[in-house]
Amino acid sequence: LKRLRTAPQAYALCHFTPLALFCAMWWEESQDKADCYRENLAGGIRELYSKADMCDVAFVAAGEVLPAHQVIIAAASKPFRMYLQCLASKGAEGVAPADDPMKGLFLPNLPQTTTQVKTEGVKSPAAGGELRSPVKQEPPAAGLVDLTVAGALPKAPEAASGDASRLELTLKGVTVPDAMKLLLAYIYDSCTGAAWEYEPLSEEVNQVVLRLAACFQLMQLHEHASRWLTRDLTTANVVRRLVICEEAALQQLREKILEQIASKPSELARISSSPEIMQHPRILQDLLMKVAAASQQASQQASQQASQPSPPAPQSAPEEQAKSPPSEKAAEKVRGKTAKRMRKG
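Attention here is on the structure that accompanies the text. Every residue gets a number counted from 1 within its own chain, in the order that chain's sequence is written. Totals for whole chains, interfaces and linings use all residues, but because this is a predicted model, local features are given only for residues with pLDDT of at least 70 and pairs of side-chain atoms are given and counted only at 80 or more. Side-chain measures here rest on the full set of heavy atoms in the structure, leaving out hydrogens and waters.

To continue, consider the nonpolar core. Residue types Ala, Val, Leu, Ile, Met, Phe, Trp, Tyr and Cys, when buried and joined through side-chain atoms within 4.5 Å, form a set referred to as a nonpolar core. To sort residues, take the accessible area from a 1.4 Å probe on protein chains only and compare it with the maximum for the residue type: under 20% means buried, over 50% means exposed, and anything in between is partly exposed. By size, the foremost hydrophobic cluster in this structure holds 63 residues, and its most contacted members are Phe 59, Phe 80, Phe 106 and Phe 216. Residues are treated as being in contact if the distance between any of their heavy atoms lies within 4.5 Å. Excluding residues that lie within four positions of it along the chain, Phe 106 makes contacts with Phe 59, Phe 80, Tyr 83, Leu 169, Thr 170, Leu 171, Lys 172 and Phe 216.

When you tally the buried positions in strand 1 (residues 57–61), you get five out of five residues, the bulk of the element. Along strand 1, one buried face is formed by Val 57, Phe 59 and Ala 61 and the opposite face, lined by Ala 58 and Val 60, is buried too. Note on pairing: two strands pair once DSSP finds at least 2 bridges between them. What counts as a helix is a DSSP run of H or I of at least four residues, what counts as a strand is a run of E of at least two, and both are numbered from the N terminus. Here strand 1 pairs with strand 4 (residues 167–171) via four bridges, running parallel. Bridge pairing links Val 57 to Leu 167 in strand 4.

This brings us to the pattern of salt bridges. The working definition used for a salt bridge is a side-chain nitrogen of Lys or Arg within 4 Å of a carboxyl oxygen of Asp or Glu. Inspection of the entire model under this criterion finds 12 salt bridges. Note that Arg 240 and Glu 203 form a salt bridge whose closest N and O atoms lie 3.8 Å from each other. Placement of the pair is Arg 240 in helix 10 (residues 238–247) and Glu 203 in helix 8 (residues 203–216), with a sequence separation of 37 residues. Overall, the relative accessible area of 31% leaves Arg 240 in the partly exposed class. The salt bridge involving Arg 241 is made with Glu 203; its shortest N-O contact spans 2.6 Å. In this pair, Arg 241 sits in helix 10 while Glu 203 sits in helix 8, placing the two residues 38 residues apart along the sequence. Judged by relative accessible area, which is 5%, Arg 241 ranks as buried. Sharing partners across several salt bridges, the network here consists of Glu 246, Arg 254, Glu 255, Glu 259, Asp 286 and Lys 290.

Aromatic rings from Phe, Tyr and Trp, taking only the six-membered ring of Trp, are treated as a pair when their centres fall within 6.5 Å; an angle between ring planes under 30 degrees marks them as stacked, one over 60 as edge-to-face, and anything in between as tilted. Throughout the structure, instances matching the rule amount to nine aromatic pairs. Ring centres 4.1 Å apart and planes at 10° place the aromatic pair Tyr 49 and Tyr 188 in the stacked group. Placement of the pair is Tyr 49 in helix 3 (residues 17–50) and Tyr 188 in helix 7 (residues 177–189), with a sequence separation of 139 residues. Accessibility expressed as a relative area gives 22% for Tyr 49, which makes it partly exposed. A centroid spacing of 6.1 Å and a plane angle of 85° characterise the contact between Phe 80 and Phe 106, whose relative ring orientation is edge-to-face.

One open sheet holds the four strands; their spatial order is 2-1-4-3, and the pairing between them is mixed. In this open sheet, the two edge strands, each paired with only one partner strand, are strand 2 (64–68) and strand 3 (106–109). Pairwise comparison of adjacent strand axes, ignoring direction, gives a mean angle of 25° for this sheet. Axes here refer to lines fitted to C-alpha atoms; in helices the fit is confined to the stretch in contact. Angles between the N-to-C directions go from 0 to 180 degrees. Strand contacts of helix 5 (residues 78–90): strand 1, strand 3 and strand 4, with the helix running at about 120° to strand 4, the strand carrying the most contacts.

Further remarks concern the side chain of Gln 207. Relative to the helices and strands, Gln 207 resides in helix 8. You can call Gln 207 buried: its relative accessible area is 19%. Contacts of Gln 207, omitting those with residues within four sequence positions, involve Arg 240, Ile 244 and Glu 247.

Residue placement: Ala 293 occurs in helix 13 (residues 281–307). Accessibility expressed as a relative area gives 41% for Ala 293, which makes it partly exposed. Put simply, Ala 293 and Ala 262 are 31 residues apart on the chain and 9.4 Å apart in space, counted from C-alpha to C-alpha.

Let's shift gears to the packing of helix 7 against helix 8. Packed helices, taken two at a time, are described by the angle between their axes plus the distance between the axes. At their nearest, the axes of helix 7 and helix 8 sit 8 Å apart, and the two run at 50° to each other. One finds that helix 7 runs oblique with respect to helix 8. Note on packing geometry: the crossing formed by helix 7 with helix 8 is right-handed. Between helix 7, through Asp 178, Ala 179, Met 180, Leu 182 and Leu 183, and helix 8, the contact on the second element is made entirely by Val 205, Val 208, Val 209, Leu 212, Ala 213 and Phe 216. Residue classes follow a fixed rule: Ala, Val, Leu, Ile, Met, Phe, Trp, Tyr, Cys and Pro count as nonpolar, while Asp, Glu, Lys and Arg count as charged, and any other residue, Gly among them, counts as polar. Its residues placed into classes, the contact of helix 7 with helix 8 shows 10 nonpolar, no polar and one charged. Convention used here: angles under 35 degrees read as roughly parallel, angles over 145 as roughly antiparallel, angles from 65 to 115 as roughly perpendicular, and any remaining angle as oblique. Helix crossings are classified by the rotation of the near helix relative to the far one: an anticlockwise turn of less than a right angle makes the crossing left-handed, while a clockwise turn makes it right-handed.

Here it is in C-alpha cells:
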C-alpha cells in the first residue's frame, strides 16, 4: 500500500475498500498471533519450572534441591551468566574469589561428562606384567538375568533423570531455602508476565533475599525486599531492621528510620533503654545525634520566631461618630411643627 501511495496513477487503488479491510484484518490477526506466541512461550517456561522438567542446574540450599534452567536464570541475571562462562572456561577450581561474579555464593559440583570403564588385570610394565587394554562391561546375553536387576546383588542408587549431567550449585551461608524459592519464583513468574507478589515468610527469609538479589543483581527484587523492612515497624523490631539495613548497605532507608524514631519521644525512650540497642553502639550513637540535631533545629526555629517583630495589633473598628446637630433649616421645621400642634391644642 505504501508503494501504491507513491504512484499517482495508482492512488485510487489505495482506497479500495476490500483491499484496505483485508490488510487491516491481516494485521490484527498477526498481532493476535504474536501475543498468543508470547503467552504460550511464557506459560511453557513456567510449566517446565513447575514440573522440574528438562532442568540442567540445581541450587542446593540447606540440603533442599531446587531445580531450574541455566538459560532462564542466565537471561535474568548477568552475574550468573558470567559465572557459567567462567565455569565452562576455567572449571570449578579455576574461578578465583577475586574474579567470581557471584561473590563466592556458590560451591559448584560439575556434572559427570566421562563414562567409567571397568578394568581387569591391568599390571604395570615395570613389574614385569603385561599391560592389557581395559575391558568394557558387556550386556548380558539373551536368556541371562542381570543379578542386580533380579535383586541377588545390591544395586547402587541411581540419580533422577538428568541428575548425572546436571550442574549442582550449593549456596554458601543460606540456611533458609524459602529465600531461593522466592528468587526463582520472581524470575519464572514476574519476568514472564505472570501475577507475582512478594510475601516472605519471616524476617530471616527477607534478609537472605536481600543478599541473593544483590548477588544476582535483580534490582526490582531487591527493592521489594527493602520496602518490606518498613512493614509493621515497631519498637520491638526496629533495632533488628536497622542492623539489616547496615548489612545490606541501605543507608538512605536507615536514615529515614532513625529520623522517624527521633521525631517520637515516647518511642525513643523505649528504644534507647532496650538491652538490644546496647549491643549496637553505632546505632545508639547515630540515634542520639539525630535527636540532638532535631532539638537544635527546633531551638533555632524558636529563636528566629522570637527575633522577628510582632505584627501590629489589628485596630478596633472606629466608634460611630456622634450625630452632627441638625442644621438651622431642620431646626426651623421642627419649631414650626411644634407651634402648629400647640395652636391646635
